[in-house]
Amino acid sequence: MKANDREGIEFNDPKTAAEREKLATICKERLGLTMPALIDDMDDRARKAYNSWPDRLFVIDKSGKISYRGGVGPGGFKPEELKAHLDKSVSVVPAAADVPRSRQDAKAAALRASPRLVGSFVMAPSLSKWARRMKDYGVRFTWLMIPWQAVEPEKGSFRFEKVDTTIDMLIELGVEVGVHIMSRSKWATDGPPQSSETDAVSTPPKDLEEYGKFVSTLAGHLKGRVARYSIEEEAHADGIYFKGTPEQYMAMLAAACKAIHEADPDAIVQDAGLSSAALGLLLADDLFKAGKQAEAVSFVNRWFARYGPARGKGEAFETADLRDVEKLLSDPRAQRVFQWADLLFDNHDAYDVLQLHYFAPWEQIPAVTDWVRGRLKARGADKPIEFWEFGYGWDDVKTYDPEAHARDEVKYLATALGEGALRVLSWQFDDYAARMGHPGLFSSDVPRPAAESFKITAAKLNGTTASERMNLGADVWGYRFERKEGWVFVLWSAKPATITLPCGATRVTVTDIKGRSSFADPKAVDLTISPVFVEK
């Protein structure tokens, strides 16, 4: 062609993949293309499969399926048709309330300096039974789910009686309440008809503006009584609590953030909570992509050892080799988690606090909090974190160890608070989730040893305002907490050890997890696997 002659385009048909790659590179450079270019195999299988001659437009959705197939060019080459398809099928995340970064940073700093609280949870129908006992054992924070249908059963008709009764009861007992706002409605969402206000799955609203009105009305009604709002519950787990795309959820989060802050500027907005399984996948994927395959296998084995699909039935998760990890990380559910996390960290202006759920070994909590903060920092964000669900799990009901549970209860709470979490909520207070491998602090009406160790931890750490991770030896774990009454250390060791505690005191009081106290010389504090509290 003359046009090709003028442009100096004269190449032999490539015979190898390397020659084809070289031509593609020249094409990109001469045309100034910045988008990725894919190279067909030498048998031209992609060209044949898509029948693109001479040009054609396709859209591949997140599940890997073709959602749009344009006609064969040039007559069927219609970019405007493609745009209409994308506008219809892709949710654009609206901006959250336009809050200056300086104000966001000031709010984050104020939150970090505020008193930290220890909490626990029971299902709403059981709250009236357990609320008084929760207070007696030091629970200072819990959460409720509030479905849209429960407070606005018909458009414009709000009913807050049940919500008010429960929240007022908890506040009277000195228990702070957080709320998961759930988009579950018979009339306002795109999902299948809801049979009741407590159906398990939320779906995106038909109208984001209508959703914003609901959230604003709820936050305005609860102003002064509720300060923390979580938008949905583990929404990244497709179809379990939320059925919708990551983009649809981010649009809801941004709309809810704006509505809540307009109704109550002091309110604290949180995401749906990254699950323990999701966090494990994210950290394992980072190791894998960094070329640390052996470390990725080891990490997955440790992380999911007590968090397999059959936990509580004596069938612990086990990864045999690298192929198992590759399969785990390439699963569509894992890929959804990776997409979700990227969007969540990118859209950090749509929440004040990042929420984590955690049931992996307590030893991994520092790595998790460091990883999360690193991902936020890479986006120029600095958000506090909270654990709204976390705690002990067993591999086999027959081998459940109440004393190990009691020790680990303290380690989970102290480590999470020590790493800077503002709220830590032990899952759970009663035995509701025991069948899933989560033993409660109480079995029927009888406190387990973990209930007593929880009570002591709550008494020592509720209201602390700062913490510091201590470096006291290779096998020693320790955190120093600041509180109104003075400092308190929480200490334990993987092996028996005697340490010198840098505290400036000549005598300290040591309290074990059963509540027994004795005096000690801070230059010779004895430690074992069972945590102790050390204070003046």
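Look up a bit, the structure's there.
Here the structure is a predicted model, which is why all the values come from computation and not from measurement.

**Some points on unusual backbone geometry**
Stage number 1. Here the residue pair W427 and Q428 is connected by a cis peptide bond, since its omega of -5° sits within 30 degrees of zero.
Stage number 2. You can see Q428 is positioned in the loop between β10 (423–426) and β11 (442–443).
Stage number 3. Not every positive phi belongs to a glycine, and E234 is a case in point at roughly 40°.
Stage number 4. Among the secondary structure elements, E234 is positioned in the loop between β6 (228–231) and α10 (246–263).
Stage number 5. Of note, S444 is a non-glycine position whose phi angle comes to about 55°, a positive value.
Stage number 6. Tracing the backbone through its elements, the reader meets S444 in the loop between β11 and β12 (446–447).
Stage number 7. Owing to a relative accessible area of 56%, S444 belongs among the exposed residues under this scheme.

**Overview of the pattern of salt bridges**
Stage number 1. Under the criterion given, the structure shown has 24 salt bridges.
Stage number 2. Linking K129 and D445 is a salt bridge whose minimum nitrogen-to-oxygen distance equals 3.8 Å. With K129 in helix α6 (residues 127–136) and D445 in the loop between β11 and β12, this pair connects stretches of sequence that are 316 residues apart.
Stage number 3. For D445, a relative accessible area of 46% corresponds to the partly exposed category.
Stage number 4. Among the salt bridges present, the one from E482 reaches R480, with a minimum N-O distance of 2.8 Å.
Stage number 5. Looking at E482, the relative accessible area reads 29%, which means it is partly exposed.
Stage number 6. Among the charged side chains, a network of salt bridges with common partners joins E176, R228, E386 and R423.

**Concerning a nonpolar patch on the surface**
Stage number 1. Together, M123, Y432 and M436 make up a nonpolar patch on the protein surface, roughly 250 Å² of accessible area in all.
Stage number 2. Residue position: M436 is located in the loop between β10 and β11.
Stage number 3. M436 sits in the partly exposed class, given a relative accessible area of 41%.

**Considering the pairing of strand β18 (residues 517–520)**
Stage number 1. Bridge count for strand β17 (residues 508–512) against β18 is four bridges, and the pairing is antiparallel. From the neighbouring strand, V510 faces β18, where its bridge partner is S518.

**Re the packing of aromatic side chains**
Stage number 1. A complete count under the given rule lists 29 aromatic pairs for this structure.
Stage number 2. Ring centres 6.3 Å apart and planes at 85° place the aromatic pair Y358 and F387 in the edge-to-face group. Of the two residues, Y358 sits in strand β8 (residues 354–358) while F387 sits in strand β9 (residues 385–390), which places them 29 residues apart along the sequence. The exposure classification of Y358 matches that of F387, with both residues buried.
Stage number 3. Judged by centre distance (5.8 Å) and plane angle (80°), the rings of F390 and Y412 are edge-to-face. Taken together, the residues span a long stretch of sequence, with F390 in strand β9 and Y412 in helix α16 (residues 402–418) at a distance of 22 residues.
Stage number 4. Residue F390 is classed as buried on the basis of its relative accessible area of 1%.
Stage number 5. Grouping aromatic residues by their ring pairs yields a cluster made of F299, W303, Y358, F387, F390 and Y412.
Stage number 6. Taking the ring centre of Y351 as reference, the NZ or CZ of K383 above it sits at 5.8 Å.

About the cut-offs
Residues numbered from 1 in each chain as written. Predicted model: local features only at pLDDT ≥ 70, side-chain atom pairs only at ≥ 80, totals over all residues. Heavy atoms only, no water. Helix = DSSP H or I, 4+ residues; strand = E, 2+ residues; numbered from the N terminus. Buried < 20%, exposed > 50% of the residue type's maximum accessible area, 1.4 Å probe, protein only. Salt bridge = Lys/Arg side-chain N within 4 Å of Asp/Glu carboxyl O. Patch = residues over 30% accessible without salt bridge, like charges linked within 9 Å, V, L, I, M, F, W, Y side chains within 5 Å. Areas by Shrake-Rupley, 256 points an atom, 1.4 Å probe, with all protein chains shown as cover. Pairing = 2+ DSSP bridges. Phe/Tyr/Trp six-rings, centres within 6.5 Å; stacked < 30°, edge-to-face > 60°. Lys NZ or Arg CZ within 6 Å of the ring centre and 35° of its normal.

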